[in-house]
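# Summary of the model geometry
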Amino acid sequence: MKSIIPVACLFLLPVAAQSQTHFFEGQPACDDLHERIAYTLCYDATRRVPDWVAYRVEPDFRNTPKREGKYKSFRTDPDVSNPVKDSNYDGLFTARGYARGHLAPYAVMGGDRDEDGLTAEDGDPEDNLTIFQANFMSNIAPQHHREFNGSGGLWFKLERFIQDDLVDEQELTVWIYAGTIFGAGAPEMVGPDSDIQVPPMFYKIVTWIDPDVDEPVFLAFLFPHQRSSHGEIDDFLVSIDVIEALTGHDFFTDLADDVERAVEDVDTFDAWAE
């Protein structure tokens, strides 16, 4: 990818649109919503994986402690029904190649969230809690490690694009939806009781404000949960309408109806310069 261009000039958004929330222009409906410091979770207690997470990344949030010691442990979420334990994933990597796949990634959970001049590494309680919440098992879905979640996989490559190219290099603030998609067929079941469902597809919707024209850029990625690596992330760009049709969710509901239709109908590959 050589450069990024914004969606065609449909509208201008005021700077106020860059609100200090996890959402850009509206929140989808959810039956089991949980607010975290660094992300918002919509949990699927039946499938025992996230339905979606929404989070915002800005440069300071990349200042995350190393995942070691107390920051390495995965934790049961005390607030969700039918919670998953870390031990439910024991042996999955060896047996089937599945890793504990974050939807809201650990690497963007840092920074001085409460703006008191301290971070988690300084022992700040709220910023420590932010890091711990990243490793709640409610934020985890089983993901093929070597071919999807690990180095070279599509999920990994997209996280690198967001964190390295957009946030670190261009110093942009970025809003992300990350979610799971299940079809009509029976999914693969894993865990000691075979009651954690493996998503056959994942998606991310990525939004930021182009500082040159003060317009939003939208990219929508729809990934098959691959067992063998192939393709680059831009091969999997779709319209937001496609993701809405597959999930039943309505994104960007605070936009005017005509603007929302125009944004969501366009193939977001048009916003990706060759």
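Placed above this text is the structure.
Basis of the calculations
- Residues numbered from 1 in each chain as written.
- Predicted model: local features only at pLDDT ≥ 70, side-chain atom pairs only at ≥ 80, totals over all residues.
- Heavy atoms only, no water.
- Core = buried A, V, L, I, M, F, W, Y, C linked by side-chain atoms within 4.5 Å.
- Buried < 20%, exposed > 50% of the residue type's maximum accessible area, 1.4 Å probe, protein only.
- Helix = DSSP H or I, 4+ residues; strand = E, 2+ residues; numbered from the N terminus.
- Contact = heavy atoms within 4.5 Å.
- Pairing = 2+ DSSP bridges.
- Salt bridge = Lys/Arg side-chain N within 4 Å of Asp/Glu carboxyl O.
- Polar contact = N/O pair within 3.5 Å; in protein donor to acceptor, adjacent residues only side chain to side chain.
- Phe/Tyr/Trp six-rings, centres within 6.5 Å; stacked < 30°, edge-to-face > 60°.
- Disulfide = S-S within 2.5 Å.
- Axes fitted to C-alpha atoms, helices over the stretch in contact; angles between N-to-C directions.
- Parallel < 35°, antiparallel > 145°, perpendicular 65-115°, else oblique.
- Nonpolar A, V, L, I, M, F, W, Y, C, P; charged D, E, K, R; others polar.
- Patch = residues over 30% accessible without salt bridge, like charges linked within 9 Å, V, L, I, M, F, W, Y side chains within 5 Å.
- Areas by Shrake-Rupley, 256 points an atom, 1.4 Å probe, with all protein chains shown as cover.
- Lys, Arg positive; Asp, Glu negative; His and termini not counted.
- Charge placed at Lys NZ, Arg CZ, Asp CG, Glu CD.

## Overview of the nonpolar core
- In terms of nonpolar packing, the biggest core is built from 56 residues, with Y39, V174, V206, L219, F221 and F223 touching the most fellow members.
- Of all elements in the fold, only β3 (39–44), β4 (49–57), α2 (125–134), β6 (140–144), α4 (154–169), β7 (174–181), β10 (201–210) and β11 (215–224) reach the threshold of two or more residues within this core.
- In terms of residue count, the dominant contributor to this core is α4 (seven residues).
- Those residues in contact with L219, other than ones at most four positions away along the chain, are F161, K204, I205, V206, W208, L237, T268, A271 and W272.
- Residues F24, V238, F252 and L255 belong to the second largest nonpolar core, which totals 22 residues.

## Some thoughts on the sheet that holds β11
- Sheet architecture is open: seven strands sit in the order β2-β3-β4-β7-β10-β11-β12, paired in antiparallel fashion. Only two strands of the sheet have a single neighbouring strand rather than two, namely β2 (33–35) and β12 (237–238).
- Inspection of the sheet shows β2 paired to β3 by three bridges, in the antiparallel sense. Bridging from a neighbouring strand, E35 pairs with T40 of β3.

## Here's the deal with the pattern of salt bridges
- Taken as a whole and assessed by the stated rule, the structure comprises 13 salt bridges.
- Residue R47 is joined to D44 by a salt bridge in which the shortest nitrogen-to-oxygen separation is 3.2 Å.
- Classification of D44 as buried rests on a relative accessible area of 16%.
- Between D86 and R100 there is a salt bridge whose closest N-O contact spans 2.6 Å. With D86 in the loop between β4 and α1 (92–96) and R100 in strand β5 (residues 98–102), the pair connects residues that are 14 residues apart, well separated along the chain.

## Description of the side chain of H34
- Position of H34 among the secondary structure elements: in strand β2.
- Among the polar contacts made by the side chain of H34, one reaches the side chain of D32 at a distance of 2.6 Å.
- If we ignore the near neighbours within four places in the chain, the residues touching H34 are Y39, T40, L41, Y43, D79 and V80.

## Structural notes on the packing of aromatic side chains
- Scanning the entire structure with this criterion turns up 21 aromatic pairs.
- Note on W52 and Y177: the rings are 6.0 Å apart at their centroids and 85 degrees apart in plane angle, and the pair reads as edge-to-face. Placement of W52 in strand β4 and of Y177 in strand β7 is noted, with a sequence separation of 125 residues between them. Residues W52 and Y177 agree in their burial class; the two are buried.
- Geometrically, the ring pair formed by F148 and F223 is edge-to-face, given 6.2 Å between the ring centres and 85 degrees between the ring planes.

## Here's the deal with the state of the cysteines
- A complete count under the given rule lists one disulfide for this structure.
- The residue that forms a disulfide with C30 is C42, at a sulfur-sulfur distance of 2.1 Å. Its S-S torsion of about 100 degrees marks the bond between C30 and C42 as right-handed, since a negative value means left-handed. Of this pair, C30 sits in the loop between β1 (3–4) and β2 while C42 sits in strand β3, and the two are 12 residues apart along the sequence.
- The exposure class assigned to C30 is partly exposed, which follows from its relative accessible area of 22%.

## Re α4
- Among the residues making up α4, those that are buried are L154, W155, L158, E159, F161, I162, Q163, L166 and V167.
- E171 sits one or two residues past α4 and shows a positive phi near 55 degrees.

## Overview of the packing of helix α5 (residues 240–247) against helix α6 (residues 257–265)
- Contact geometry of α5 with α6 gives a least axis separation of 6 Å together with a crossing angle of 95 degrees. Comparing the axis directions of α5 and α6 gives the class roughly perpendicular. Facing I240, D241 and E244 of α5, the residues of α6 in contact are E260, V263, E264 and D265.
- A per-class count over the contact of α5 with α6 returns two nonpolar, no polar and five charged.

## Some thoughts on a negative patch on the surface
- Together, D116, E121, D122 and E126 make up a region of like negative charge exposed at the surface.
- Within the element layout of this structure, D116 appears in the loop between β5 and α2.
- We classify D116 as partly exposed; its relative accessible area is 38%.

## Quick notes on the pairing of β4
- The element β4 is largely enclosed, with a buried count of nine among its nine residues.
- Two elements, β3 and β4, share six bridges in a ladder whose sense is antiparallel. Bridging across to β4, D44 finds its partner in V49.
- Relative to β7, β4 is paired through six bridges, and the arrangement is antiparallel. Note that in β7 the partner of Y55 across the bridge is I176.

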